[in-house]
Structure formats: structure tokens, C-alpha cells
Amino acid sequence: MLIQSNHSVTQLERRKTCKRFLILGLLLLTTISCNAQNLDTELTKEDSMNVKNVQMAVWSLPFKHKDIIVAQAILETGWFKSKNCVNNNNLFGMRRAYTRMTTSDTTLNGYAHYTNWRQSVIDYYILQSTRENIIPSSRAQYFRYLDKVYSEVGRNYSDQLKDILSRINLETGEPNPIVHKIIKHKTTKRKQIRKHKK
């Protein structure tokens, strides 16, 4: 009798969880389809993969840390030049999802392939929304979360993102030449100091 009771509770919990995922999926699908229509109309003028267009795509979706997401796209693709980015339209190094909704159409070279790069942005939003309860709300916590998720890179990952954020002006999407020169100058000084110490 006790075993049947526990089994019934487990089935009830599963049903509730399935209903929650179904409702979440429908809400996401509605939000994404509305925003995807906006993306298609807004980006038809210039559909190239660049900071400004990626920024527009990210800003049109309810990401938590939008500027960091743009910096991730830049870092993951090497300023939109990586093979995975060019061949798969994949801005975030995503693998194809089989246990959640996805906008990828197939897999190419082990990574998710998208019909266009905007679909990659939408898919990254879907991934983040399914992990919403573990994604921290503060920037510092989010950087620590990324360092943990990208543990093969270590703390270096968030440092690289911060470097990108300091070098670009997300208002225009253009590199900030003054900051870029300062960073280069500091690197040169470090090299000179190291050579001088030897």
C-alpha cells in the first residue's frame, strides 16, 4: 500500500513537471515567434554578421545580461570569423539540443547548424531560459557562473569577456579606439619590463 502511494506521488510530480514545461514551452514559443518576426523585419536592410546586428538581435530578446551575451558571441566566434560561425551560423558554439526546444535544423561537424545566425541567438535564449533558475541575476555572479560553466578556460573566460566589453561601445557596435590603444600600450610596457628584468 505504501509503495503504491509513493508511486502515485511520483507520477503526480511528473505530470506537474510536464505541464510546467509545456506551459513554459508555449510561452517561449509565443515570445520567440513575436521577437523573431521583429528580428526578420529589422535586419533585412543589412543582414551581415557584425556587432551592431548581433546586438540588435540580442537586445530584442529578454536576456538578463545582454551586453555580456554580445561579448560571448564575439569571443566564441573570434569576431565572427570562426569556421563554426561561418559554416553553421552558430554564434555560441552550441551543440544540437535533443531534450529541449531548439531552432537548429541539423548538426554539422558536431555543432548545431542554423539556417541563419539569428536562429542561433534565439536558440541561445531558449537555452538560457531553460536554465533561468541557475543563471544568477547580478553581473559578478554571472561572470562567476560563466567561469564555472567554461571551466576548461577557467577565470580567463570572464576576463576575456570583460576585455571585449571594455573595447567595444555597445551603443554603436564599433571598437573603442582609445581603450584599444591603452590596452596595447600596457601590453607593450609589460613586455619591455619583462625583457629588462632578464
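Nothing here was measured: the structure is a model prediction, and the numbers come from that model.

Reading guide: rules and limits
Residues numbered from 1 in each chain as written. Predicted model: local features only at pLDDT ≥ 70, side-chain atom pairs only at ≥ 80, totals over all residues. Heavy atoms only, no water. Buried < 20%, exposed > 50% of the residue type's maximum accessible area, 1.4 Å probe, protein only. Helix = DSSP H or I, 4+ residues; strand = E, 2+ residues; numbered from the N terminus. Contact = heavy atoms within 4.5 Å. Axes fitted to C-alpha atoms, helices over the stretch in contact; angles between N-to-C directions. Parallel < 35°, antiparallel > 145°, perpendicular 65-115°, else oblique. Nonpolar A, V, L, I, M, F, W, Y, C, P; charged D, E, K, R; others polar. Salt bridge = Lys/Arg side-chain N within 4 Å of Asp/Glu carboxyl O. 1 Å grid on protein atoms, 1.4 Å probe; cavity = no way out; pocket = protein on both sides within 12 Å on 5 of 7 lines; lining within 4 Å. Points joined across faces, edges and corners; volume = space filled by probe spheres on them. pLDDT = per-residue confidence, 0-100. Phe/Tyr/Trp six-rings, centres within 6.5 Å; stacked < 30°, edge-to-face > 60°. Lys NZ or Arg CZ within 6 Å of the ring centre and 35° of its normal.

Focus on helix α6 (residues 139-149)
Y142, F143, Y145, L146 and D147 are the residues of α6 that are buried. Elements that come into contact with the buried residues of α6 comprise α3 (66-77), α5 (117-130) and α7 (156-167).

Let's talk about the packing of α6 against α7
The interhelical angle for the contact between α6 and α7, taken along N-to-C directions, is 130°, at an axis separation of 8 Å. By the criterion of interaxial angle, the relationship of α6 to α7 is oblique. Contacts from R139, F143, L146 and D147 in α6 reach Y157, S158, L161, K162 and L165 in α7. For the contact of α6 with α7, the residue count by class is five nonpolar, one polar and three charged.

A closer look at the pattern of salt bridges
Scanning the model with the defined rule gives three salt bridges in all. In this structure, the salt-bridge partner of D123 is R100, at a minimum N-O distance of 2.8 Å. Taken as a pair, D123 in helix α5 and R100 in the loop between α4 (83-88) and β1 (106-108) lie far apart in primary sequence, 23 residues in all. Each of the two residues, D123 as well as R100, counts as buried. The partner of D163 in a salt bridge is R167, with the nearest N and O atoms 2.9 Å apart. Here D163 pairs with R167, and both are found in helix α7, just four residues apart, close to one helical turn.

Points about the layout of surface pockets
In this structure, the largest pocket occupies an estimated 280 Å³ of space. Lining the largest pocket are 16 residues, with Y124, L127, R131, V149 and Y150 sitting closest to its centre. At the level of secondary structure, the elements contributing two or more residues to the lining of the largest pocket comprise α3, α5 and α6. Looking at the lining of the largest pocket residue by residue, the classes come out as nine nonpolar, three polar and four charged.

Details of unusual backbone geometry
The phi dihedral of F80 is positive, around 70°, even though this residue is not glycine. As for its position among the elements, F80 is in the loop between α3 and α4. Despite not being glycine, N109 shows a phi value in the positive range, around 55°. Residue placement: N109 occurs in the loop between β1 and β2 (111-113). N109 gets classed as exposed once you look at its relative accessible area, which sits at 64%.

Notes on the environment of A57
Within the secondary structure, A57 is located in helix α2 (residues 51-59). Overall, the relative accessible area of 0% leaves A57 in the buried class. With 60 residues separating them along the chain, A57 and W117 place their C-alpha atoms 9.6 Å apart.

Description of the confidence of the model for the chain
Averaged over every residue, the pLDDT of the chain is 75; the share at 70 or more is 61%. Within the chain, the lowest mean pLDDT, 42, falls on helix α8 (residues 177-197), and the highest, 96, falls on β2. The model gives residues 39-45 a pLDDT under 50, and that stretch makes 11 contacts with residues more than four places away or in other chains. Scored below 50 in pLDDT, residues 172-198 makes 18 contacts in the model with residues more than four places away or belonging to other chains.

Thoughts on the packing of aromatic side chains
The geometry of two aromatic rings is summed up by the distance between their centres and the angle between their planes. All chains considered together, the criterion is met by four aromatic pairs. Between the aromatic rings of F63 and Y124, the centroid separation amounts to 6.2 Å while the plane-to-plane angle is 35°, which identifies the pairing as tilted. Remark: Y124 occurs in helix α5 and F63 occurs in the loop between α2 and α3; sequence separation between them is 61 residues. Seen in terms of ring centroids, F63 and Y125 are 5.5 Å apart; in terms of plane orientation they differ by 85°. Their pairing is edge-to-face. Of the two residues, F63 is situated in the loop between α2 and α3 and Y125 in helix α5; the sequence distance between them amounts to 62 residues. Residue classification places F63 among the buried positions, given a relative accessible area of 5%. These aromatic residues form a ring-pair network of at least three members: F63, F92, Y124 and Y125. For the cation-ring pair, R95 lies above Y111, with the distance from its terminal atom to the ring centre recorded as 4.0 Å.

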